[in-house]
Amino acid sequence: MFFADILETEGLGNRSHLAGGTRAAVVVDPPRDIDRVIAAAARRGVRIAAVAETHVHNDYVTGGLELARLTGARYLVPAGASVAYARVPVADGDTEEIDEGLVLRAVATPGHTPHHTSYVLEENGRPVAAFTGGSLLIGNVGRSDLVEPRLTEHLARAQHASARRLAAELADDVAVMPTHGFGSFCSASQADGDHSTIGTEKTSNPALLQDVETFVMELLAGLDDVPAYYAHMGPANAAGPAPMDLTAPDRADAGEIARRLSAGEWVVDLRNRVAFSKGHVAGSFNFEVEGQLATYLAWMMPWGKPVTLLAESAMDITRAQRELARVGIDRPAAAAVGSPADWTSDGAPLASFPRATFADLAAARGRAEELVVLDVRRDGERSKGWIEGSVHIPIHQVHQRADEVPAGTVWVHCAGGMRAAIAASVLDAGGRDVVAVDDGYAAAADAGLTLVAPAQH
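Reference entry: report on the structure contained in this document. All figures in this text were calculated on a predicted structure; none of them were measured in a lab.

**A few points about the overall build of the protein chain**
No. 1: The helix and strand tally for the protein chain stands at 17 helices and 23 strands.
No. 2: In terms of overall size, the protein chain behaves like a compact globule, its C-alpha atoms giving a radius of gyration of 24 Å where 457 residues would be expected to give roughly 23 Å.
No. 3: Dimensions along the principal axes, computed over C-alpha positions, put the protein chain at roughly 70 × 55 × 35 Å.
No. 4: Here the protein chain holds 457 residues, and the buried ones make up 55% of them.
No. 5: Within the protein chain, contacts between residues separated by at least 24 positions form 68% of all contacts whose residues are at least 6 apart in sequence.
No. 6: Seen as two clouds, the 39 positive and the 59 negative side-chain charges of the protein chain have centres 2 Å apart.

If you want it as structure tokens, here you go:
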């Protein structure tokens, strides 16, 4: 009897898979922190016989090369992928025996990338699970614009054909087990559920319901900004990533933190946004360790800039270090544990700013206060409606475009509060008076704020 386990990497919105039988297994699209994968295989009591990549990833650093090296597994990489290391090149129809009665079959599914390959697990000749990477996702498909702008439409058409090939060749009860779609920006949209089958996708997936022209038009129209760090992931994966180094960073005292801030380096406070707003080291930025830390910090921070981490506990530093290494930010320059009082020199004042709700914003507007409403949601979110009179700068552009924010106290909002806190910390570090709106966007209308619908614009 086969098994297929999901290994979540929630901060990046991805999944890896460990699948096999009683003695051996394959790992599909492993994360860089392969200790998790090895532990999962040990719990199952199986040997990792093969490691399979569906494509050269654009959103995280793979652990596949190191996992194959440590375990002696065969490293399956699509033949069309240009990589600098030895691997087993796989083409459409190639098979790999995983365990007795279990075979992995490669299916060419270009679209997310030109060389994208899905893998179908067959038990005694019957397909039981499809590891679809960035091809057929739950309720959608992987985006087609991550390789080269000139190829985007061509790959969108290929994505449509690949999804339909999988649906045509596989029975309705075959499990669909994608890598992307759970928060990753590699997905055209996000999954509505955790599990799916070919039959379920036939009733809900646009690629299987729409004609190719409608599908391509809507897919391309819905594409949003690509995280800036993606530009560094593909080359790192093609070159062959180094093993992850999780040794503890050097500890920084208050004097070193001040020196690093003076040098223009990034000092990142990992505490929750409530604690940060009440008191923090002036000039530091707030990226909650409980939020999408790797995605937003890697997106906003100039690539290669030294980063110092501040946290309440060593456990939070360790967790953040692991998450950042998954996207190629390998070694924090330094770290400190404790509270803001520990991170500042004697007598140095702490910075702070208020938090508020949309009802508070409506009340402040009613008092005719001089204020600016800054919307830091993504373009796709903004296009569905916005607060009348608000200024729009997506969160990942705030650091570079802070000088575009008009004069006055800046009330920053997003859809829920996390991104508003990040943006507020960036503006606060730059000397602006800010208020972080820590509230769900649905409350804006209830608070009496006037919302502009796209058709009214």
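Following the structure, the description resumes.
**Describing the pairing of strand S22 (residues 434–437)**
No. 1: What you see with S22 is no split at all: Val434 and Ala436 on one side and Val435 and Val437 on the other are buried throughout.
No. 2: Inspection of the sheet shows strand S17 (residues 355–356) paired to S22 by two bridges, in the parallel sense. Looking across to S22, one finds that alanine 356 is bridged to valine 437.
No. 3: Pairing of strand S21 (residues 409–413) with S22, which is carried by three bridges, proceeds in the parallel orientation. If you follow tryptophan 411 over to S22, its bridge partner there is valine 435.
No. 4: For the segment spanning S21, helix H16 (residues 418–429) and S22, crossover handedness is right-handed.

**Regarding the packing of aromatic side chains**
No. 1: Within this structure, the stated rule accounts for seven aromatic pairs.
No. 2: Centre to centre, the rings of tyrosine 296 and tryptophan 299 are 6.0 Å apart; their planes meet at 15 degrees, and the pair counts as stacked. A residue pair is termed a helical-turn pair when its members lie 3 or 4 positions apart in one helix, as tyrosine 296 and tryptophan 299 do in helix H10 (residues 293–300) at three residues. The pair tyrosine 296 / tryptophan 299 is uniform in exposure class, with both members buried.
No. 3: Among the aromatic residues, ring-to-ring pairing joins Trp266, Phe285 and Phe287 into one connected group.
No. 4: In this structure, arginine 44 packs its charged tip against the face of phenylalanine 3, placed 4.1 Å from the ring centre.

**Thoughts on the sheet that holds strand S16 (residues 334–337)**
No. 1: Taken in spatial order, the four strands make up an open sheet running S14-S13-S15-S16, and their pairing is parallel. Two strands lie at the open edges of the sheet, namely strand S14 (285–286) and S16, each paired on one side alone.
No. 2: Where strand S13 (residues 266–269) meets S14, two bridges bridge the pair, whose relative direction is parallel. Bridge pairing in S14 places valine 268 opposite phenylalanine 285.
No. 3: Relative to the sheet, helix H11 (residues 314–325) contacts strand S15 (307–311) and S16, its axis offset from that of S15 by approximately 145 degrees.

**Quick look at the pairing of strand S9 (residues 117–123)**
Two faces, one strand: in a regular strand the side chains alternate between the faces of the sheet.
No. 1: S9 sits mainly inside the fold: seven of its seven residues count as buried.
No. 2: The alternating pattern of S9 places Thr117, Tyr119, Leu121 and Glu123 on one face and Ser118, Val120 and Glu122 on the opposite face, and all of these are buried.
No. 3: Strand direction decides the pairing type here: strand S8 (residues 102–108) and S9, joined by seven bridges, are antiparallel. Directly across from leucine 102, in S9, lies its bridge partner glutamate 123.
No. 4: Joining the antiparallel neighbours S9 and strand S10 (residues 126–133) is a turn of two residues, in which asparagine 124 adopts a positive phi near 50 degrees.

**Looking at the sheet that holds strand S1 (residues 3–9)**
No. 1: Pairing within the open sheet is mixed, and its six strands lie in the order S1-S2-S3-S4-S5-S6. Each edge of the open sheet carries a strand with a single partner, namely S1 and strand S6 (88–90). Across the sheet, the axes of successive neighbouring strands diverge by a mean angle of 25 degrees, strand direction being ignored.
No. 2: Each of S1, strand S2 (14–20), strand S3 (24–28) and strand S4 (47–52) is contacted by helix H1 (residues 35–44), which is oriented at about 150 degrees to S1, the strand it contacts most.
No. 3: Most of the contacts of helix H2 (residues 64–71) go to S4, to which it runs at about 150 degrees, and overall it touches S3, S4 and strand S5 (74–78).

**What to know about the side chain of arginine 15**
No. 1: The topology assignment puts arginine 15 in strand S2.
No. 2: A relative accessible area of 4% places arginine 15 in the buried class.
No. 3: One polar contact links arginine 15 to glutamate 8, side chain to side chain, over a distance of 3.1 Å.
No. 4: Excluding anything up to four places from it in sequence, arginine 15 contacts Ile6, Leu7, Glu8, Asp29, Pro178, Thr179, Phe182 and Asp194.

**Description of the nonpolar core**
No. 1: By size, the foremost hydrophobic cluster in this structure holds 53 residues, and its most contacted members are Trp266, Leu270, Phe287, Leu297, Leu309 and Val412.
No. 2: Those residues within four positions of leucine 297 in sequence are excluded, and the remaining contacts are Trp266, Val268, Phe287, Val307 and Leu324.
No. 3: In terms of nonpolar packing, the next biggest core, distinct from the first, is built from 21 residues, Ile34, Ala40, Ile48 and Leu67 among them.

**Remarks on the layout of surface pockets**
No. 1: The volume enclosed by the second largest pocket comes to roughly 200 Å³.
No. 2: Every residue lining the second largest pocket is listed: Glu8, Thr9, Glu10, Gly11, Arg36, Glu290, Gly291, Gln292, Arg319, Arg322, Glu323 and Arg326.
No. 3: Breaking the lining of the second largest pocket down by element, the ones donating at least two residues are S1 and H11.
No. 4: At three residues, H11 tops the list of elements feeding residues into the lining of the second largest pocket.
No. 5: Here the lining of the second largest pocket is built from residues that sort into no nonpolar, four polar and eight charged.

Here is what the cut-offs are and how they apply
- Residue indices begin from 1 for each chain and proceed along its sequence in written order.
- In keeping with the model being predicted, local features are shown solely for residues with a pLDDT of at least 70 and side-chain atom pairs are shown and tallied solely at 80 or more, while totals for entire chains, interfaces and linings include all residues.
- Note that water and hydrogens are dropped before the side-chain values are worked out from all heavy atoms of the structure.
- Starting at the N terminus, helices and strands are each numbered in turn, a helix being any DSSP run of H or I of at least four residues and a strand any DSSP run of E of at least two.
- Values of the radius of gyration come from C-alpha atoms, whereas the globule rule sets the reference at 2.2 Å times the count of residues to the power 0.38.
- Each residue is assigned to one of three classes by its accessible area relative to the maximum for its type, calculated with a 1.4 Å probe on protein chains only: buried under 20%, partly exposed between the two thresholds, exposed over 50%.
- Contacts are assigned to residue pairs that have any heavy atoms within 4.5 Å of one another.
- Note that His is not counted, nor are the chain ends; the positive residues are Lys and Arg, and the negative ones are Asp and Glu.
- Think of each charge as sitting on NZ of Lys, CZ of Arg, CG of Asp or CD of Glu.
- Pairing between strands is defined by DSSP: at least two bridges between the two strands are required.
- Whether a crossover is right-handed depends on one test, that the path from the first strand over the helix to the second runs clockwise when the strands point away from the viewer.
- The rule is short: rings of Phe, Tyr and Trp, with Trp giving its six-membered ring, pair when the centres are within 6.5 Å, and they are stacked under 30 degrees, edge-to-face over 60, tilted in between.
- Here, over-ring charges are defined by two tests on the NZ atom of lysine or the CZ atom of arginine: distance to the ring centre within 6 Å, and angle to the ring normal within 35 degrees.
- What counts as an axis is a line fitted to C-alpha atoms, over the stretch in contact for a helix, and the angles between N-to-C directions run from 0 to 180 degrees.
- Two N or O atoms form a polar contact when they lie within 3.5 Å of each other; inside protein one atom must be a possible hydrogen donor and the other a possible acceptor, and for residues adjacent in sequence the pair counts only when both atoms belong to side chains.
- Here the nonpolar core consists of buried residues drawn from Ala, Val, Leu, Ile, Met, Phe, Trp, Tyr and Cys, with membership extended through side-chain atoms lying within 4.5 Å.
- Grid spacing is 1 Å over the protein atoms alone, the probe is 1.4 Å, and a cavity is where that probe fits but cannot get out, while a pocket is an open set with protein on both sides within 12 Å along at least five of seven lines and lining residues have an atom within 4 Å of a point.
- Grid points are joined across faces, edges and corners, and a volume is the space filled by probe spheres set on the points.
- Residue classes follow a fixed rule: Ala, Val, Leu, Ile, Met, Phe, Trp, Tyr, Cys and Pro count as nonpolar, while Asp, Glu, Lys and Arg count as charged, and any other residue, Gly among them, counts as polar.

It is worth stressing that arrangement in space is one thing and function is another; only the former is reported here.
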